[in-house]
Amino acid sequence: MNFNYYIPTKILFGPGKLNELQKEPLPGKKALIVTTAGKSVKRYGYLSRLEKILTSKGIEYILFDKILPNPIKSHVMEGAELAKKENCDFVIGLGGGSSIDSAKSIAVMAKNEGDYWDYISGGSGKGKPVENGALPIVAITTTAGTGTEADPWTVITKEDTNEKIGFGNEHTFPVLSVVDPELMFSVPKELTAYQGFDALFHATEGFIANIATPISDAYALKSIELIAKYLPICVKDGMNIEARTNVALANTLSGLVESTSSCTSEHSMEHALSANHPELPHGAGLIMLSEAYYTFFANKVPDKFIAMARAMGIDVDSLNEEDRPMAFVKALIKLQQECEVQNLTMSSYGIKKEEIPSLAQNAHKTMGGLFTVDPYKLSMEETEKIMYNAYK
């Protein structure tokens, strides 16, 4: 019962909320719009809708549309140079987690000297303080996966060293976020599942983390409940607005979990996988690790696992006491089956079993901080064992 709470983001949540951006005061006169190199925000008209809103408000804008699904440092530096050159006074991330994360990192580097990795803690980062803050950030999310619209975190890969590391501070909270489930209709079935599980694991990791608080627990359990109930519907029928809205809410709640608790080492392990194999979607990597990861931890914090099983709709009181913690893992496997992602394999993304020791070392070296918030301190050997057990 000892915690601090600081989330300064105004969130516009619900179907049709992008239209309300028209009435909102925005934090500047010239925006850098950050989107991915993909076509979806253009094809489905999200970018043109944003541009019309900005134009009607007399706000100029420049487009930076090079961001990759696993965003990289060189694009952060390029985007920041463009923002400085064009005198942009705020940044808009439009798209999924990669666009919004990149917008946050670009906002930092548009106001601070040197290299982005100068400010990263972990791996080869120098851990310097961010003395000049960041440009104001507006987040418009078109996916339900990372919760980045409700937290300060951004994950970027330094591509020459395969280091994928999270970063954030009080300056990287968005000042304004739009969560409009209607923008998520266009997300394909497969990505809907991957992103939904990413949100789920933000909630479950934040719940079992040793720095969890009563606030983060409340957010986490509701997020888990909503994903268990509505993600399978979303995957089967992407146009179901009720399901899309509830999964979007679960995602935003998972971001609030990340603002009040933390991810654990499951994310460190996945970052090692996708840093070295960037074609691997982050959510897919987490799914691959999850059964082995949560099986290992089930008896370390049994009460937490029982509470998560209850949130997923399991009648744990009808089970033998020794079976109750693993009821969550069984519910997790069932959810993966319902979402048709139970057969994902590392080998199909070119990950070799003999890489596991070096991947485990990468996880500890680059994002060792998340191992310190685990409910049990993993050794290197135990980390490898989890990854071996997850390997297919």
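Caption draft 1: Region of the structure containing the layout of surface pockets. If you add up the space inside the second largest pocket, you get close to 190 Å³. Lining the second largest pocket are 13 residues, and of these I287, M288, E291, Q342 and K392 lie nearest its centre. Of all elements in the fold, only α9 (282-297), α11 (324-338) and α13 (380-390) reach the threshold of two or more residues within the lining of the second largest pocket.

Caption draft 2: Region of interest: empty space enclosed by the protein. Applying the stated criterion across every chain, the model contains one cavity of 30 Å³ or more. Its boundaries defined by the atoms lining it, the largest cavity holds a volume of some 50 Å³. Every residue along the wall of the largest cavity is listed here: A144, M184, T192, Q195, G196, L231, C234, R244, V247 and A248. Looking at the lining of the largest cavity, the elements with two or more residues in it are α5 (189-208), α6 (214-236) and α7 (241-260). Residues belonging to the lining of the largest cavity are distributed by class as follows: six nonpolar, three polar and one charged.

Caption draft 3: Seen up close, the sheet that holds strand β4 (residues 90-95). The strand order β1-β8-β5-β4-β2-β3 describes an open sheet built from six strands, whose pairing is parallel. Edge strands, defined here as strands with exactly one partner in the open sheet, are β1 (10-13) and β3 (60-67). With direction set aside, neighbouring strand axes in the sheet form an average angle of 15°. The sheet contact formed by strand β5 (residues 137-141) and strand β8 (residues 176-179) spans four bridges and is parallel. Note that in β8 the partner of V138 across the bridge is L176. Lying on the sheet, helix α3 (residues 73-85) is in contact with β2 (30-36) and β3; it crosses β3 at an angle near 165°.

Caption draft 4: Main features of the pattern of salt bridges. On inspection of all chains with the given rule, the structure shows 16 salt bridges. When the shortest N-O distance is used, the salt bridge between K42 and D65 registers 2.6 Å. Of this pair, K42 sits in helix α1 (residues 40-43) while D65 sits in strand β3; the two residues are 23 residues apart in sequence, bridging distant segments of the chain. Residue K42 is classed as partly exposed on the basis of its relative accessible area, which comes to 38%. When the shortest N-O distance is used, the salt bridge between K84 and E81 registers 3.2 Å. Residue K84 and its partner E81 are located together in helix α3, separated by three residues, close to a single helical turn. With a relative accessible area of 46%, E81 lands in the partly exposed category.

Caption draft 5: Structural context of the packing of aromatic side chains. If you walk through the whole model with that rule in mind, you get 13 aromatic pairs. Aromatic side chains Y294 and F328 sit 5.6 Å apart centroid to centroid with 70° between the ring planes, which places their arrangement in the edge-to-face category. Pair noted here: Y294 is in helix α9 and F328 is in helix α11, with a separation of 34 residues, a long-range link. Each member of the pair, Y294 as well as F328, is classed as buried. A ring pair is formed by F296 and F297, whose centres lie 5.3 Å apart and whose planes are at 75°; its orientation type is edge-to-face. Comparing F296 with F297, the two get one shared label, buried. Through pairs of rings, three or more aromatic residues link up here, namely F197, F201, Y293, Y294, F296, F297, F305, F328 and Y376. Sitting above the plane of the F296 ring, K300 keeps its charged end 4.3 Å from the centroid. Directly above the aromatic system of Y376 lies the positively charged group of K300, at a separation of 4.9 Å from the ring centroid.

Cut-off values and rules
Residues numbered from 1 in each chain as written. Predicted model: local features only at pLDDT ≥ 70, side-chain atom pairs only at ≥ 80, totals over all residues. Heavy atoms only, no water. 1 Å grid on protein atoms, 1.4 Å probe; cavity = no way out; pocket = protein on both sides within 12 Å on 5 of 7 lines; lining within 4 Å. Points joined across faces, edges and corners; volume = space filled by probe spheres on them. Helix = DSSP H or I, 4+ residues; strand = E, 2+ residues; numbered from the N terminus. Nonpolar A, V, L, I, M, F, W, Y, C, P; charged D, E, K, R; others polar. Pairing = 2+ DSSP bridges. Axes fitted to C-alpha atoms, helices over the stretch in contact; angles between N-to-C directions. Contact = heavy atoms within 4.5 Å. Salt bridge = Lys/Arg side-chain N within 4 Å of Asp/Glu carboxyl O. Buried < 20%, exposed > 50% of the residue type's maximum accessible area, 1.4 Å probe, protein only. Phe/Tyr/Trp six-rings, centres within 6.5 Å; stacked < 30°, edge-to-face > 60°. Lys NZ or Arg CZ within 6 Å of the ring centre and 35° of its normal.

Such coordinate-based values are descriptive only and should not be taken to indicate function.
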